Amino acid sequence: MAQCTIYYFLMLLVADSFLAKLLEGVGIDDALIGIISSFVSLAFVVQILSIFLVRLKTGAKKLVILFDTASFFFFMLLYLTPFLPVGQAARTALVVVSVIAAYVSNYLIAPICFQWANSYVEPGKRAGYSAAKETVSLLAGMVFTMVIGFVIDRYEGLGNPAGGFLFIAVSILILNLGNFICFMLIKKEEESEQSAGAHPLPDVLRHVLGNRNFKNVIVLTVLWDVARYFTIGFMGIFKTKELMLSVFAVQVINMGANFVRLAVTGPLGRYSDRHSCAKGFKLGLYLAAGAFLANMFTTQKTWFLVILYTVLYNCCLAGTNMNSYNITYSYVEEAYIAQAMAIKNSIGGLCGFLASILAGRLLEAVQANGNMVLGIPVYGQQLLSGISFLIVVAAIVFMQKAFGISEKNFLTNG
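The structure contained in this document is the topic of the report that follows. (Residues numbered from 1 in each chain as written. Predicted model: local features only at pLDDT ≥ 70, side-chain atom pairs only at ≥ 80, totals over all residues. Heavy atoms only, no water.)

## Quick notes on the overall build of the protein chain
A count of helical and extended segments in the protein chain gives 20 helices and two strands. Evaluated residue by residue, the protein chain yields a buried proportion of 56% over its 414 residues. Counting contacts in the protein chain only where the partners sit at least 6 residues apart, residues at least 24 apart contribute 85% of the total. (Helix = DSSP H or I, 4+ residues; strand = E, 2+ residues; numbered from the N terminus. Buried < 20%, exposed > 50% of the residue type's maximum accessible area, 1.4 Å probe, protein only. Contact = heavy atoms within 4.5 Å.)

## Topic: the packing of aromatic side chains
Applying the stated criterion to the full structure yields 10 aromatic pairs. Measuring from centroid to centroid gives 5.6 Å for F73 and F74, while their planes differ by 70 degrees, and the two rings are edge-to-face. Using a relative accessible area of 43% as the deciding quantity, one classes F73 as partly exposed. Owing to a relative accessible area of 25%, F74 belongs among the partly exposed residues under this scheme. A ring pair is formed by W116 and F183, whose centres lie 6.0 Å apart and whose planes are at 25 degrees; its orientation type is stacked. Placement of the pair is W116 in helix 8 (residues 110-118) and F183 in helix 10 (residues 161-185), with a sequence separation of 67 residues. On the basis of relative accessible area, F183 is assigned to the buried category, the value being 2%. Three or more aromatic residues joined by ring pairs form one cluster here, namely F75, Y103 and Y107. (Phe/Tyr/Trp six-rings, centres within 6.5 Å; stacked < 30°, edge-to-face > 60°.)

## Here we look at the environment of C351
Inspection of the secondary structure puts C351 in helix 18 (residues 337-368). Excluding anything up to four places from it in sequence, C351 contacts V222 and V226.

## Side note on a nonpolar patch on the surface
A contiguous nonpolar surface patch, about 520 Å² in accessible area, is contributed by L177, F180, I181, M184 and L185. Within the secondary structure layout, F180 lies in helix 10. By relative accessible area, which is 35% here, F180 ends up partly exposed. (Patch = residues over 30% accessible without salt bridge, like charges linked within 9 Å, V, L, I, M, F, W, Y side chains within 5 Å. Areas by Shrake-Rupley, 256 points an atom, 1.4 Å probe, with all protein chains shown as cover. Salt bridge = Lys/Arg side-chain N within 4 Å of Asp/Glu carboxyl O.)

## Considering the nonpolar core
F214, W224, L285, Y313, Y331, V392 and F403 are the most contacted members of the largest nonpolar core, which has 53 residues in total. Those elements giving two or more residues to this core turn out to be helix 13 (212-229), helix 14 (235-242), helix 15 (247-274), helix 16 (277-295), helix 17 (305-326), helix 18 and helix 19 (380-402). Other than its neighbours up to four places away in sequence, V392 contacts W224, A227, L285, A288, A289 and F292. Core analysis: the next-biggest nonpolar cluster, separate from the first, contains 40 residues, L22, Y79, F144 and I148 among them. (Core = buried A, V, L, I, M, F, W, Y, C linked by side-chain atoms within 4.5 Å.)

## Some words on the pattern of salt bridges
For the structure shown, the criterion picks out two salt bridges. With a closest N to O distance of 2.9 Å, R228 and D225 form a salt bridge. Here D225 and R228 lie together in helix 13, a separation of three residues that amounts to about one turn. You'll find R228 and D225 in the same group, each marked buried.

## Re unusual backbone geometry
Unusually for a residue other than glycine, M244 sits at a positive phi of about 55 degrees. Following the sequence through the fold, M244 ends up in the loop between helix 14 and helix 15.

## Remarks on the side chain of T231
One can find T231 in the loop between helix 13 and helix 14. Classification of T231 as buried rests on a relative accessible area of 0%. Here L384 takes part through its backbone oxygen, which lies 3.1 Å from a polar atom of the side chain of T231. A polar contact is formed between the side chain of T231 and the side chain of S388, at a distance of 2.6 Å. Non-local contacts of T231, meaning those with residues more than four positions away in its chain, are made with F292, L384, S385 and S388. (Polar contact = N/O pair within 3.5 Å; in protein donor to acceptor, adjacent residues only side chain to side chain.)

## As for the environment of D203
Residue placement: D203 occurs in helix 12 (residues 201-208). Of the residues examined, D203 reaches a relative accessible area of 16% and is grouped as buried. With 133 residues separating them in the primary sequence, D203 and Y336 have C-alpha atoms 9.6 Å apart.

## Details of helix 1 (residues 2-13)
Taking 1.5 Å per residue as the helical rise, helix 1 with its 12 residues ought to reach 16 Å, and the 17 Å between its terminal C-alpha atoms agrees with that figure. By the criterion of burial, helix 1 is predominantly enclosed, with nine of the 12 residues buried. Among the residues making up helix 1, those that are buried are Q3, T5, I6, Y8, F9, L10, M11, L12 and L13. (Expected span 1.5 Å × (residues − 1).)

## Some thoughts on the packing of helix 1 against helix 10
Relative to each other, helix 1 and helix 10 sit at 160 degrees, their axes nearing to 9 Å. The angle between helix 1 and helix 10 places the two elements in the roughly antiparallel class. Along this stretch, helix 1 crosses helix 10, giving a crossing that reads as left-handed. Seen from helix 1, the contacting residues are A2, Q3, I6, F9, L10 and L13; seen from helix 10, they are I168, S171, I172, L175, G178, N179, C182 and F183. Taken together, the residues of the contact of helix 1 with helix 10 sort by class into 10 nonpolar, four polar and no charged. (Axes fitted to C-alpha atoms, helices over the stretch in contact; angles between N-to-C directions. Parallel < 35°, antiparallel > 145°, perpendicular 65-115°, else oblique. Left-handed = near helix turned anticlockwise from the far one by under 90°. Nonpolar A, V, L, I, M, F, W, Y, C, P; charged D, E, K, R; others polar.)

Following this line, the structure appears as structure tokens:
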């Protein structure tokens, strides 16, 4: 739980307004900012390689520590790029390489890390445990983002934004040390678990891709990843540029949204354990639809709607985040969990990244046309949110049809 909290701190520092400020500070345009912010979805593609990593005799603990430490290092390098004596093209290239390397290192071993750490959780209480873990991260994250946001705004007020970037780089270095210590304190996997990934590749594909019910999970993952990455990577710059909100104001909004998310995380976790992870995920989609709908009407005059968007989107993650992982246990035998997650996340991540590229092109076109669409004044992010809303609705309809029978019966029926 401590490691997940530290990891959450890191993700806060490389997302939303913090990352947007850095990328804007090094001279990267809005469309590319959104695409870079969505590289997390592309990094999911490399999880397919974890199918081969689990066959190594190295052991989960060593692999996770090695790649996670490297990931934190590349994220730290990202915030050091403004200080490098290189040209704009080289700096942009270095930013892109650092983001890709960081996410690739992180997500390459994510399924292995999840299976290893989650092996100590009682199967019937996984959603409840995930909710408790998320609650700890959110509470600590609220304080963390407020402090970091205040420091960044303080440096900007002094005309020294680079000082804020250096502060974040040092913070990531400290977080990396804490992350390393946490992993060292988690018990090494059992010998039986080490050999669990030694299944032949044809056997893995038969149990995973040959599972009709799990194919539905993959389709659901694709729809959700396309919907969210079509918009969220472009929201950081939207808040600080078009809506003219300060980083501190954005973090205040985020903190308030996280308080609401805290209130719904526990009940959603218990609901998912009691009924099914699929039903918990669907509740998250309803909240996501409301979030994108609110953002469709957000302008400088109605800037307060971004608060509603942030609250609803944060709450939707309480339903989708924990259940997107735990739902796999309902459709795939536990011996193939790491491989199934790798395949699911790779396909969803690739589709999500392609969606962010298309969204970036749409944003460029709208901005080049003076923020006008068919003669109507519209911000690009409003249009992107409308498309995301339609995709989320499609995902809800798909769940109604594909997950109509009891989730507990899928393994026996499929």
